[in-house]
Amino acid sequence: MPEGGLIVEAGNSIEFKTGAWASVKPVHDKNKCVNCLKCHFICPEGAISVKDGKIDKFDLDFCKGCGVCAEECPVKAIKMVKK
Amino acid sequence: MIKKKAMTGAEAAAEAMRQINPEVVAAYPITPQTPIMHKFSQFVAEGDVDTEYINVESEHSAMSACVGASAAGGRVMTATSANGLALMFEIVYIAASSRLPIVMNVVNRALSGPINIHCDHSDTMACRDTSWIQLYSENAEEVYENNLIALKLAEKVNLPVMVCQDGFITSHAVESMKVLDDKTVKDYIGVYKPKYYLLNIDKPITSGPLDFFDYYFEHKRQQIEAMTKVIPEFHKIVKDLSKLLGKDYDVLEEYHLDDAEYVIISLNSTAGTVKHTIDKLRKEGKKVGALKIRMFRPFPLQEVAKWLTGKKSVAVLDRSASFGSVGPVYHEIRSALYETEAKPKVVSYIYGLGGRDINVEHIEKVFEELENGTAKAENYLGVRDENER
């Protein structure tokens with residue numbers, strides 16, 4: 001074990017599933033969504049991915065359920081529900 | 001090559017720092033440490049060192065900058081005293097817990113209040129549980145030597161080291177002392193090659209991460225066990241220094257102990273006063289001796305037990321108080337003797353708080369009280385009682 005709490009492998013935050021902390025999760029309504037991508041840029045965990053210019057997935061392994069995406073969505077396409 | 005020079009304790013620390021030529025020094029002025037950094041900043045200004053000298057806005061920032069620079073992979077040094085050390089306290093723990101080999105000169109001064117700038121050991125004794133190694137220095141020459149030892153020791157065991165000297169008594173008094181030439185010191189300390197460091201772009205690491213119930217305890221256990229390696233490493237490191245300076249170094253220094261019946265234990269400058277008094281009393285045929293503590297952390301329990309077994313009585317001089325308990329040095333000495341067969345009587349003297357003088361007459365009085373058996377378990381030296389104003 002390295003001394004002093006050092007982590008000697010880079011890129012290890014992928015192993016720390018912060019999504020385990022969440023009590024609520026986002027539910028995305030694709031019909032309402034206008035793909036402005038605001039939620040993608042604003043997510044503090046980078047848990048909202050984009051594919052071909054459209055919102056793709058919400059990665060629940062890393063979403064802490066903070067609800068910033070739902071709050072900021074201009075068309076109310078994201079709802080936070082209990083996990 | 002050895003040169004004899006006249007230096008204060010503060011200058012001796014600065015001279016060692018100049019020869020060590022650390023990559024980074026971050027410090028904030030505080031009496032009586034200030035002359036160390038005053039002298040060292042002159043070396044920086046005159047281009048005598050390659051050091052990046054960081055002027056910071058407080059001691060908390062000084063130690064934080066040291067932690068960052070050391071984690072980045074540099075040789076890092078600093079200095080402080082008393083209230084400055086207290087302001088650093090949070091980061092003092094973090095430096096040690098992050099296993100960073102920082103060397104810090106601490107010029108011992110009373111911790112306020114009431115406010116006082118003079119010598120006692122309350123500042124470094126308050127840091128005895130921080131996981132820093134502590135070396136105490138009797139005089140300017142020992143300040144210089146302890147700095148060289150400290151640097152090598154720190155880098156060997158990945159623990160930071162405090163090199164302590166008495167405020168004003170040592171730091172501001174000029175003494176004759178021996179120093180090595182620059183090339184010899186450079187060869188002695190060698191090149192620092194940390195295994196992991198932040199500026200190594202080929203092997204990126206994370207330093208200072210969150211550490212909860214999953215691994216924190218294991219990291220503390222590593223620190224506890226690292227301390228057990230310090231004394232054996234000290235003995236290896238001082239071998240070469242002994243050859244260079246023609247002196248012996250140990251974690252403890254005995255003085256006329258072989259046939260002594262009455263012993264005084266002290267650290268820092270008082271050890272010199274004790275030795276002087278012993279020279280005087282030996283001429284009168286008294287069987288008196290002394291044990292000086294160079295290394296207080298880790299505490300050399302076994303070595304103390306070895307030297308004190310079979311003595312008649314021992315007085316431990318503490319220049320700080322642990323309010324609600326006994327003096328910190330006395331506490332350790334009593335603990336060291338618990339397993340020994342022929343235990344001496346051990347008594348405590350609290351002395352010199354806030355720079356109160358300790359002189360030969362005081363030491364004579366302690367030896368006298370040991371010899372005639374009038375010493376109580378806990379005593380004061382050189383203080384008024386409630387009825388004297």
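None of the values given here were measured: they were computed from a predicted structure.

1. Digging into helix 2 (residues 34-45) of chain B
An α-helical segment advances 3.6 residues per turn. Residues three or four places apart therefore align on the same side.
Residues and elements named next belong to chain B.
Move 1: Relative to the 16 Å expected for twelve residues at 1.5 Å per residue, helix 2 spans 16 Å between its end C-alpha atoms, a close match to the ideal helical length.
Move 2: Burial in helix 2 covers these residues: Ile36, Met37, Phe40 and Phe43. What you see down the axis of helix 2 is that its buried residues fit within an arc of 110 degrees, all on one side. Relative to its buried face, helix 2 has exposed residues pointing more than 90 degrees away, namely His38 and Ala45.

2. Quick look at the domain arrangement of chain B
Residues and elements named next belong to chain B.
Move 1: Segmenting chain B into domains produces domain 1 (2-243) and domain 2 (252-381).
Move 2: Computed from C-alpha coordinates alone, the two centres of domain 1 and domain 2 are separated by 27 Å.
Move 3: The partner domain 2 presents 27 residues to the 31 residues of domain 1 that form the contact.
Move 4: Regarding the contact of domain 1 and domain 2, the summed buried area is about 2,200 Å², with carbon and sulfur atoms giving 56% of it.
Move 5: Its largest share of buried area at the contact with domain 2, domain 1 owes to Arg128, Tyr136 and Glu138, together 28% of the area lost on that side.
Move 6: Counting every contact that joins domain 1 to domain 2 gives four salt bridges.
Move 7: The shortest N-O distance in the salt bridge between glutamate 142 and lysine 292 comes to 2.4 Å.
Move 8: Of all the secondary-structure elements, those providing two or more residues to the side of domain 1 that touches domain 2 are helix 5 (122-125), strand 6 (133-136), helix 6 (140-157), strand 7 (161-166) and helix 9 (230-245).
Move 9: Within the side of domain 1 that touches domain 2, the residues separate by chemical class into 15 nonpolar, ten polar and six charged.

3. A look at the side chain of Gln134(B)
Residues and elements named next belong to chain B.
Move 1: Position of glutamine 134 among the secondary structure elements: in strand 6.
Move 2: A relative accessible area of 0% places glutamine 134 in the buried class.
Move 3: Polar contacts involving the side chain of glutamine 134 include one to the main-chain carbonyl oxygen of threonine 124, which spans 2.8 Å.

4. Focus: the environment of Leu370(B)
Residue and element names in this part refer to chain B.
Move 1: Here leucine 370 lies in helix 13 (residues 360-372).
Move 2: When its relative accessible area of 6% is taken as the criterion, leucine 370 is described as buried.
Move 3: In this structure the C-alpha to C-alpha distance between leucine 370 and glutamate 261, which are 109 residues apart in sequence, comes to 9.5 Å.
Move 4: Apart from the residues within four sequence positions on either side, leucine 370 is in contact with Tyr262, Val263, Ser313, Val314, Ala315 and Val347.

5. Comments concerning the packing of helix 1 (residues 9-20) of chain B against helix 7 (residues 182-189) of chain B
All names here are of chain B.
Move 1: Relative to each other, helix 1 and helix 7 sit at 70 degrees, their axes nearing to 9 Å. One way to sum up the angle between helix 1 and helix 7 is to call them roughly perpendicular. Of the residues in helix 7, those in contact with Arg18, Gln19 and Ile20 of helix 1 are Asp182, Val185 and Ile189.
Move 2: Each residue belonging to the contact of helix 1 with helix 7 can be placed in one class, and the counts come to three nonpolar, one polar and two charged.

6. Examining the interface of chain B and chain A
Move 1: Residue-level contacts link 15 residues of chain B with eleven residues of chain A.
Move 2: Summing the contributions of chain B and of chain A, the shared interface buries around 1,200 Å²; its carbon and sulfur component is 58%.
Move 3: Considering only the side of chain B, the residues that lose the most area to chain A are Tyr196(B), Thr206(B) and Gln222(B), jointly responsible for 32% of the buried surface there.
Move 4: Counting across the chain B and chain A interface gives one salt bridge.
Move 5: Here Arg99(B) makes a salt bridge to Glu3(A), at a shortest N to O gap of 3.5 Å.
Move 6: Summed over the shared surface of chain B and chain A, the result is four residue pairs in polar contact (both at pLDDT 80 or more).
Move 7: For the side of chain B that touches chain A, the leading source of residues is helix 8 (residues 216-228) of chain B, giving three residues.
Move 8: Split by residue class, the side of chain B that touches chain A holds five nonpolar, seven polar and three charged.

Criteria and cut-off values
- Residues numbered from 1 in each chain as written.
- Chains lettered and ligands numbered in written order.
- Predicted model: local features only at pLDDT ≥ 70, side-chain atom pairs only at ≥ 80, totals over all residues.
- Heavy atoms only, no water.
- Helix = DSSP H or I, 4+ residues; strand = E, 2+ residues; numbered from the N terminus.
- Expected span 1.5 Å × (residues − 1).
- Buried < 20%, exposed > 50% of the residue type's maximum accessible area, 1.4 Å probe, protein only.
- Arc of directions from axis to C-beta.
- Domains from an automatic or database assignment.
- Contact = heavy atoms within 4.5 Å.
- Buried area = accessible area lost by both parts, 1.4 Å probe.
- Salt bridge = Lys/Arg side-chain N within 4 Å of Asp/Glu carboxyl O.
- Nonpolar A, V, L, I, M, F, W, Y, C, P; charged D, E, K, R; others polar.
- Polar contact = N/O pair within 3.5 Å; in protein donor to acceptor, adjacent residues only side chain to side chain.
- Axes fitted to C-alpha atoms, helices over the stretch in contact; angles between N-to-C directions.
- Parallel < 35°, antiparallel > 145°, perpendicular 65-115°, else oblique.

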